[in-house]
Amino acid sequence: MFHGSEKAICKPCSDKASVDTCTICGNERQCRWPGTARAACEQCSNPRQPCVSCGEVRLRHKRTEDGSGYLCWACVPPIIETCTSCGDARIVNGRIEGRPFCPLCYPRQPESFRPCTSCGTITRLIAKLCPRCRADQMIREMVPDELAASDARIAHLRERWFQGAPSKIVYAFERGTVACTLITRVLTAPSLRTHAYLDQAGSEYQTRAVRSVLIDHGLLPPRDELLARFELWLDSALAEIPDPGEQRTVTQYARWRHLRALRRNTMPSRSGQLSWRRLEIAGIIELLEWIHTRGGSLVSLTQADVDEWLTGGRRPFLHHFLTWTARAGASRPLTAPRPPSGALSPQAMSDEERWRLLADVTSDPSINPHTKLAAGLMLMFGVRAAKIVQLRAEDVTVTDQAVVVRLGQEPLVLPAELAPAAAGAASNRTAPRMFVESIEQEWVYPGTRAGHHMAPDTLNTRLRAAGIPPRLARTGALIALAQELPPVVLSRLTGLDISSAIAWSNAIGANSTAYAAAVVERVGMPLPVVLH
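Residues numbered from 1 in each chain as written. Predicted model: local features only at pLDDT ≥ 70, side-chain atom pairs only at ≥ 80, totals over all residues. Heavy atoms only, no water.

> Where do I start with the overall build of the protein chain in this structure?
When you go through the protein chain residue by residue, the secondary structure sums to 23 helices and 17 strands. Its C-alpha atoms give the protein chain a radius of gyration of 31 Å, more than 25% over the compact-globule value 24 Å for 532 residues. For the protein chain, the C-alpha atoms occupy an extent of roughly 105 × 70 × 55 Å along the three principal directions. Across the 532 residues in the protein chain, those meeting the buried criterion constitute 40%. Of the contacts made within the protein chain by residues no fewer than 6 positions apart, 48% connect residues no fewer than 24 positions apart. For the protein chain, the computed accessible surface area is about 29200 Å², with 54% contributed by carbon and sulfur atoms. Averaging the positions of the 63 positive and the 52 negative side-chain charges in the protein chain gives two centres separated by 2 Å. (Helix = DSSP H or I, 4+ residues; strand = E, 2+ residues; numbered from the N terminus. Rg over C-alpha atoms; globule rule 2.2 N^0.38 Å. Buried < 20%, exposed > 50% of the residue type's maximum accessible area, 1.4 Å probe, protein only. Contact = heavy atoms within 4.5 Å. Areas by Shrake-Rupley, 256 points an atom, 1.4 Å probe, with all protein chains shown as cover. Lys, Arg positive; Asp, Glu negative; His and termini not counted. Charge placed at Lys NZ, Arg CZ, Asp CG, Glu CD.)

This is the structure:
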């Protein structure tokens, strides 16, 4: 019942009627005692106070029996009674004719089902509506009819949402997520449909769904999201350098060394490409702070200072920066060791194990086609996950005779075992979007961000769940291919960089004792005895 009335009213209508200006904080919110001089929002009418039981400052739940203070929600025990259906002592979720039922048993009772007041479907209702009608009502509240009529793109967006799962939509609204309130604000005001506004409207996690759905429907231009986030981080990091001259020097270096290469890249940036760049810039800033505490500067930096800095266990990413500053005249000629590069490891899967895994994965109906295709490319051709997720729709050609994948300069014809997986992956390119799945037009492995492919780490996680260790599988395949193919052919077919192909070819040469020992260890053969 609505306060002050004898008429029955549902909760959504009651919430709308209770919106007023809080007399305490001045914000327009749902208030207690709306329309009176005592109107106060929930936050102001129920302030946080120390709980007399646990002592924590929390929201008040109820006053103690003696009236000396308040108890928080955590310290008030829930109502626990014997469930009428299962007989267990559980929290009471609902009552039917006065009989208590637990959260597991109440939804199963026929008495808890009612006909929907909109479509007549008999089910468990939400505000007198079935989940489907309630979800549609929430979407219309978020995107009203007049707003949908103002722009065909917004109308198409709303129609796509009507096809979403009701449980997902209702759950998002009940949680009061940032996306639900942000999307209405952005759609209503075209001036707010900018990346700059979304950057300050919330964290990347909170605004990702809104940004992606706007890009998918042409309401926002696409951008390299990870690169944009890196540029924002770079601006804030460089602003911490107190000396204007040194700040200008590091800024010029970051633009020359990092931003120039990232902006020329035709592929979306990957997190791995940006993590080491953040480490390098952060290490440079730490070095400048350290030398300032000793009364020096970048110009007065000596080789002894650099050596002392590096021996203290600091970040070793200084080689390129010191070389560049010396060439630009911003510091003395100084040297620092290059960051250690990962050497080729001879540890790998045997050929028999790779073929067994390939057969297991391709014959398992529970594994989706995308994972099967990735497993085949990695087990047979040694393609890394970062290269697989960059496959575009145009790179996979499916015909009645063969399936062709273009990883490098030359097309690669896949064996018959991978043909169904490749065809399935190429035809099912759906990506999760706000409330619904959206068809990605460009990538075979779409990601959660619009215009971005799947993260390589995500694909590696799926491969591990299927029983495939990516590093060992890839190494085993490259060792086998490098024995049979020249480096140029290997590079052209698999997209492997020519320098890496040459390195693999050299690493498994006949005179490579490391590789020979690894082979012996894998097959379990005794080492030959050489007599002198």
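> What is the right way to read a nonpolar patch on the surface from this model?
On the surface, V488, I498 and I502 cluster together into a nonpolar patch covering about 230 Å² of accessible area. Structurally, I502 is set in helix α22 (residues 498-507). (Patch = residues over 30% accessible without salt bridge, like charges linked within 9 Å, V, L, I, M, F, W, Y side chains within 5 Å. Salt bridge = Lys/Arg side-chain N within 4 Å of Asp/Glu carboxyl O.)

> Would you mind showing me how to read the confidence of the model for the protein chain here?
Note that predicted coordinates carrying low pLDDT should not be read in detail. Per-residue pLDDT for the protein chain averages 84, and the proportion of residues at 70 or more is 91%. Contacts for the low-pLDDT stretch residues 522-532, under 50 throughout, to residues beyond four places or in other chains number eight contacts. (pLDDT = per-residue confidence, 0-100.)

> Is there a simple way to think about the packing of helix α11 (residues 244-264) against helix α14 (residues 319-328) in this case?
To describe two helices that pack against each other, one gives the angle between their axes and the distance between the axes. One way to put it is that α11 packs onto α14 with a least axis distance of 11 Å and a crossing angle of 115°. In terms of orientation, α11 and α14 fall into the roughly perpendicular class. At the point where α11 passes α14, the crossing takes the right-handed sense. Listed contacts from α14 to T249, V250, Q252, Y253, W256 and R257 of α11 are H320, F321, W324, T325 and R327. (Axes fitted to C-alpha atoms, helices over the stretch in contact; angles between N-to-C directions. Parallel < 35°, antiparallel > 145°, perpendicular 65-115°, else oblique. Left-handed = near helix turned anticlockwise from the far one by under 90°.)

> Hey, could you run me through the sheet that holds strand β13 (residues 396-398) in this one?
Pairing between the strands of a sheet comes from backbone hydrogen bonds, and it takes one of two forms, parallel or antiparallel. Spatially, the three strands line up as an open sheet ordered β13-β14-β15, and their pairing is antiparallel. Sheet topology places β13 and β15 (412-413) at the edges, where each strand pairs with a single neighbour. In terms of strand pairing, β13 meets strand β14 (residues 403-405) through three bridges, oriented antiparallel. Paired with T397 across the bridge in β14 is V404. (Pairing = 2+ DSSP bridges.)

> Help me understand the pairing of strand β2 (residues 28-32), please; the structure alone is not making it clear to me.
The side chains of a regular strand alternate, first on one face of the sheet and then on the other. Note that strand β1 (residues 19-21) and β2 share three bridges and pair antiparallel. By the bridge assignment, T21 is partnered in β2 with E28. Once β1 ends, the chain turns through six residues before running back antiparallel as β2, passing G26 with a positive phi of about 85°. Relative to strand β3 (residues 40-41), β2 is paired through two bridges, and the arrangement is antiparallel. What sits directly across from C31, in β3, is C41.

> Please explain the pattern of salt bridges as it appears in this structure.
Opposite charge on two side chains lets them pair, provided their charged atoms get close. All chains considered together, the criterion is met by 19 salt bridges. Here R449 ties to E204 by a salt bridge, and the two come within 2.9 Å at their closest N and O atoms. Taken as a pair, R449 in the loop between β17 (437-439) and α19 (456-465) and E204 in helix α9 (residues 204-216) lie far apart in primary sequence, 245 residues in all. Considered together, R449 and E204 belong to a single accessibility category, that of buried residues. With its nearest N and O atoms 3.3 Å apart, the salt bridge here joins R229 to E225. Here R229 and its partner E225 are both found in helix α10 (residues 225-238), four residues apart, which amounts to about one turn of the helix. A network of salt bridges, in which partner residues are shared, links D199, R211, R223, E225 and R229.

> It is not clear to me how the state of the cysteines should be interpreted in this structure. Could you clarify?
Note on terminology: disulfide describes a covalent bond linking the sulfur atoms of two cysteines. Under the counting rule described, the total for this entry stands at zero disulfides. Free cysteine C72: the closest other cysteine sulfur is in C75, separated by 3.5 Å. C133 forms no disulfide, and the closest cysteine sulfur to it belongs to C130, at a distance of 3.4 Å. (Disulfide = S-S within 2.5 Å.)

> Quick question: what am I supposed to make of the side chain of N460 here?
Among the secondary structure elements, N460 is positioned in helix α19. Discounting residues that sit within four places of it in the chain, N460 has contacts with M378, A385 and P470.

> Please explain unusual backbone geometry as it appears in this structure.
A negative phi angle characterises most non-glycine residues, just as the trans form characterises most peptide bonds. The backbone phi angle of A127 is positive, close to 55°, even though this residue is not glycine. Relative to the assigned elements, A127 resides in the loop between β12 (122-123) and α3 (131-142). A relative accessible area of 32% places A127 in the partly exposed class.

> Honestly, α19 in this entry has me stumped. Any pointers?
Along an α-helix, a turn takes 3.6 residues, which lines up residues three or four apart on a common side. For α19, the full list of buried residues reads P456, L459, N460 and L463. Down the axis of α19, the sector holding all buried residues measures 100°, keeping them to one side. Turned more than 90 degrees from where α19 packs its buried face, D457 and A465 sit exposed. Where the residues of α19 are buried, they touch α16 (369-381), α17 (385-388) and α20 (470-484). G467 occupies a position one or two residues after α19 and carries a positive phi of about 90°. (Arc of directions from axis to C-beta.)

> Whenever I open this one, the nonpolar core confuses me. Can you help?
One broad trend across soluble globular proteins is that nonpolar side chains are buried collectively. In terms of nonpolar packing, the biggest core is built from 46 residues, with L377, L414, Y445 and L459 touching the most fellow members. Elements with a contribution of two residues or more to this core: α15 (351-363), α16, α17, β14, α18 (419-427), α19, α20 and α22. Those residues in contact with L414 that lie beyond four places of it in its chain are L373, L377, F381, V403, V405 and A422. Core analysis: the second largest hydrophobic core is formed by 32 residues, I154, L157, I169 and M434 among them. (Core = buried A, V, L, I, M, F, W, Y, C linked by side-chain atoms within 4.5 Å.)

> What is the right way to look at the environment of L358 in this model?
Tracing the backbone through its elements, the reader meets L358 in helix α15. C-alpha of L358 to C-alpha of L379: the two residues are 21 residues apart in sequence and 6.9 Å apart in space. Beyond its immediate chain neighbours, meaning those up to four positions away, L358 contacts G376, L379, M380 and L418.

> Explain the sheet that holds β1 here, please?
Reading across from one edge, β1-β2-β3 is the order of the three strands in this open sheet, with antiparallel pairing throughout. Looking at which strands have only one partner, the edges of the open sheet turn out to be β1 and β3.

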